[in-house]
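Read off the chains here:
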Amino acid sequence: MKNLTADELRDTYLKFFESKGHKIIPGASVIPENDPTVLFTTAGMHPLVPYLMGAMEHPAGTRLTDVQKCVRTGDIDEVGDAAHLTFFEMLGNWSLNDYFKKEAISWSFEFLTQHLGFKPEQLNVTVFRGEGQEGEAGYIPADEEAVAIWKSLGIPDERIFRLPREDNWWGPAGTTGPCGPDTEMFIDTGKEKCGPDCRPGCHCGKYIEIWNDVFMQYNKNEDGKFVPLGRHNVDTGMGVERTICMMSGAPTVYDTEIFAPIMKAIDDLRAAGSSAPELAPEDLLKARRVIADHMRTATFILCDPKGAVKPGNVGANYVLRRLIRRAVRFARMIGIQPGFTVKLAEVICEKYKHVYPELKANLETCKLDLEAEEKRFNATLDKGEAMYQKVAEQLKAHGQSQISGKTAFKLYDTFGFPFEMTCEMAAKDGLTVDKEGFDEANRKHQELSRTTSAGSFKAGLQDNSAVVTRMHTATHLLHAALHKVLGPTANQKGSNITAERLRFDFSWPEKMTEEQKAAVEKLVNEWIEQGIEVTKKMTTVEEAKAEGAMALFGAKYGDQVSLYSIGDISKEICCGPHVTNTKELGSFKIKKEESSSAGVRRIKAVIGNLA
Ligand code: SER
């Protein structure tokens, strides 16, 4: 096989699919817009769902190819082993009710063997084995069509594995949406089998998955049933990091050219620290990987053109905070001095800025946020460590050797001191910690907070997607009203919508006055009452800008974009969806105006019967 860099791989992939009639489209933001079901873009399909469903036509056509930034933090605690990453890039080719299995599989085979240089003998594939009985409800046949195509390409039956839904079905987890059987491609590393049942997907390291072709023929509906979609889409995903790892023969993704500058920077920072502690090699290795992974993810989130996620205590903000804080904790453990987060962000920006210009455009605000969060957490850790010392001394004075669950929980809940750190420090001091007692205290606490917040889920009873659409149009009106009241520098920095509220970040140096807020609210409500028509047309970015349309700074757009106009009040390049008339919003109310970060204000607002 060839030994390509990530830059070369992206390029080769996009050009290959371009030669097969695909349009190269820009990847979407890593922060999903108007999709309350996920905190981050976890796969290339998220931004394309409306097109996969056939709700609208994609401006670039029915064959698309892209590179998508993805964040998956479900396995955050596994990071540090050889394979887990919380951020990765995914190459994809898409058929929107255009070609299907034959083309998708044949092109995957052609690309892997002829352009990446994998040998056909290294290739092992899995296909969906079907479920249920013919004639019964819920029956889905085995994907014999995919099997036949693989065989026609020369893959023998013993390298085609028929597996159940857990392995060979792809769709949005736990929610509704387009989905279907897939066929996954694995490279045999040549290692010994781990046992008689060793097969692709068994995680022993013999078979590494590098590509997944999903055949979206079904829709998962509200009752959790799979109904034919009436369309045949293809969604494929090839992980850049894993593929580069396989091609270069590196033992893990962290040993590839992608991570090389980041790992080097971590080692340099450690060497510069005055007292690099002695550590077991496996602990040091894990810490370096955690720091590299988490800082890469945090940098991409903070530099996202939407700028809507900042370290905080809820939802996506909390995930970001956790990533940064885990990196800080591990850096502290291996003797890296404070102030390292901004230095790593610079290195990461340098590595990726030619592919993702938003890293360069937003690096300065990203660094401010990292610095502030690192300082805050270091202060918490200093205080927590002091509290822990007190606890440990008292225990020793009383001849005891176990920290109770209640005490560990208090350190965590009241002082923000991570439970893992209590355990680590206790182990060093020859003390034990009552983990069960800690879990019990934590569980009780969570139950309590769930009961007290149960009253806040009322809006969930409404039809979420319709509310989200209305909020989306309200966001455009708010943006236009801010321009009228504050002037043209009050520009969008981020937007996030849930079924409960809209949130809008914009550049403005100071707190808005009561008069300004009232004026904005009044304007939006007047526009709603006037019942203004919302229209959409397809155009190019240049033409849209020439018409005075607003576009997100730092965002990349495809050749053809949709331009939404609300009478002559607002014109914005945007993917929609929107209502057709402003009357549908009912009314508009600002709930909160606050600081988001330096020079950026945040408005939270509601509409209709929530207002
Ligand atoms: N959506 C599929 C995946 O994430 C293929 O792109 O694997």
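Residues numbered from 1 in each chain as written. Predicted model: local features only at pLDDT ≥ 70, side-chain atom pairs only at ≥ 80, totals over all residues. Heavy atoms only, no water.

1. Some details on the sheet that holds strand β12 (residues 492-497)
Move 1: A sheet is described by the order of its strands in space; here 4 strands give the open sequence β12-β13-β18-β17, paired in antiparallel fashion. Here the strands that pair on one side only, and so sit at the sheet edges, are β12 and β17 (588-597). When strand polarity is set aside, the average angle formed by the axes of neighbouring strands in this sheet is 20°.
Move 2: Direction of pairing for strand β13 (residues 502-507) relative to strand β18 (residues 600-607): antiparallel, over a ladder of 6 bridges. In the sheet register, L502 faces β18, and the bridge partner there is A605. (Pairing = 2+ DSSP bridges. Helix = DSSP H or I, 4+ residues; strand = E, 2+ residues; numbered from the N terminus. Axes fitted to C-alpha atoms, helices over the stretch in contact; angles between N-to-C directions.)

2. Description of the sheet that holds strand β16 (residues 570-573)
Strand pairs in the sheet, formed through backbone hydrogen bonds, run parallel or antiparallel to each other.
Move 1: Reading across from one edge, β14-β15-β16 is the order of the 3 strands in this open sheet, with antiparallel pairing throughout. Edge positions in the sheet fall to β14 (534-540) and β16, since each has one partner strand and no second. For this sheet the average axis-to-axis angle between neighbouring strands, irrespective of direction, equals 25°.
Move 2: One ladder, built from 4 bridges, connects strand β15 (residues 560-566) with β16; its direction is antiparallel. The partner of S565 across the bridge, within β16, is K571.

3. Topic: the site of the ligand
Move 1: Close contacts around the ligand come from A43, R72, M90, W170, N212, V214, D235, T236 and G237, and that covers them all.
Move 2: In the model, an oxygen atom of the ligand is placed 3.4 Å from a nitrogen or oxygen of the W170 side chain.
Move 3: Here an oxygen atom of the ligand sits 2.5 Å away from a polar atom, N or O, in the side chain of D235.
Move 4: In isolation the ligand exposes 230 Å². Once the protein is present, 95% of that is buried.
Move 5: Contributions of two or more residues to the shell around the ligand are made by β8 (207-220) and β9 (226-239). (Near = heavy atom within 4 Å. Polar contact = N/O pair within 3.5 Å; in protein donor to acceptor, adjacent residues only side chain to side chain. Areas by Shrake-Rupley, 256 points an atom, 1.4 Å probe, with all protein chains shown as cover.)

4. Observations concerning the packing of aromatic side chains
Move 1: Under the defined criterion, the tally for this structure stands at 24 aromatic pairs.
Move 2: On the basis of an interplanar angle of 55° and a centroid distance of 5.7 Å, the ring pair of Y13 and W211 is categorised as tilted. Of the two residues, Y13 sits in helix α1 (residues 6-19) while W211 sits in strand β8, which places them 198 residues apart along the sequence. This pair shows no difference in class: Y13 is buried, exactly as W211 is.
Move 3: Aromatic side chains Y412 and F438 sit 5.7 Å apart centroid to centroid with 70° between the ring planes, which places their arrangement in the edge-to-face category. Taken as a pair, Y412 in helix α13 (residues 405-415) and F438 in helix α15 (residues 435-453) lie far apart in primary sequence, 26 residues in all.
Move 4: Y412 sits in the partly exposed class, given a relative accessible area of 32%.
Move 5: Exposure remark for F438: the relative accessible area of 5% places this residue in the buried category.
Move 6: Taken together through their ring pairs, the aromatic side chains of Y13, F16, F17, Y99, W107, F111 and W211 make up a single cluster.
Move 7: A cation over a ring is seen here: R165 above W169, with NZ or CZ 4.6 Å from the ring centre. (Phe/Tyr/Trp six-rings, centres within 6.5 Å; stacked < 30°, edge-to-face > 60°. Buried < 20%, exposed > 50% of the residue type's maximum accessible area, 1.4 Å probe, protein only. Lys NZ or Arg CZ within 6 Å of the ring centre and 35° of its normal.)

5. Re helix α9 (residues 315-333)
Move 1: The end-to-end C-alpha separation of α9 is 27 Å, in line with the 27 Å expected for 19 residues at 1.5 Å each.
Move 2: Burial analysis of α9 places 14 of its 19 residues in the buried class, the great majority of the element. (Expected span 1.5 Å × (residues − 1).)

6. Observations regarding α13
Move 1: Within the span of α13, buried status applies to G405, A408, F409 and L411. All buried residues of α13 fall inside an arc of 155° around its axis, so they share one side.
Move 2: Positive backbone phi, at 70°, marks G416, one or two positions downstream of α13. (Arc of directions from axis to C-beta.)

7. What about the pattern of salt bridges?
When the charged atoms of two side chains lie near each other, side chains of opposite charge can form a pair.
Move 1: Using the criterion set out here, one finds 46 salt bridges in the structure.
Move 2: The partner of E131 in a salt bridge is R165, and the shortest N-O contact between them spans 2.1 Å. Taken as a pair, E131 in the loop between β4 (123-128) and α4 (144-152) and R165 in helix α5 (residues 165-168) lie far apart in primary sequence, 34 residues in all.
Move 3: We note a salt bridge from E364 to K367, for which the minimum N-O separation is 3.8 Å. Within this pair, E364 and its partner K367 are both found in helix α12 (residues 363-397), separated by 3 residues, close to a single helical turn.
Move 4: Given the relative accessible area of 53%, E364 is considered exposed.
Move 5: The exposure class assigned to K367 is buried, which follows from its relative accessible area of 16%.
Move 6: Where salt bridges share partners, they join E144, K151, D157 and R162 into one cluster. (Salt bridge = Lys/Arg side-chain N within 4 Å of Asp/Glu carboxyl O.)

8. A word on the packing of α9 against α12
Move 1: Relative to each other, α9 and α12 sit at 60°, their axes nearing to 10 Å. Relative to α12, the element α9 is oriented oblique. Relative to α12, α9 is oriented so that their crossing is right-handed. From α9, R321, I324, R325, V328, R329 and R332 reach across to α12, where they touch L370, E373, E374, R376, F377, N378, L381, D382 and E385.
Move 2: For the contact of α9 with α12, the class distribution of residues is 5 nonpolar, 1 polar and 9 charged. (Parallel < 35°, antiparallel > 145°, perpendicular 65-115°, else oblique. Left-handed = near helix turned anticlockwise from the far one by under 90°. Contact = heavy atoms within 4.5 Å. Nonpolar A, V, L, I, M, F, W, Y, C, P; charged D, E, K, R; others polar.)

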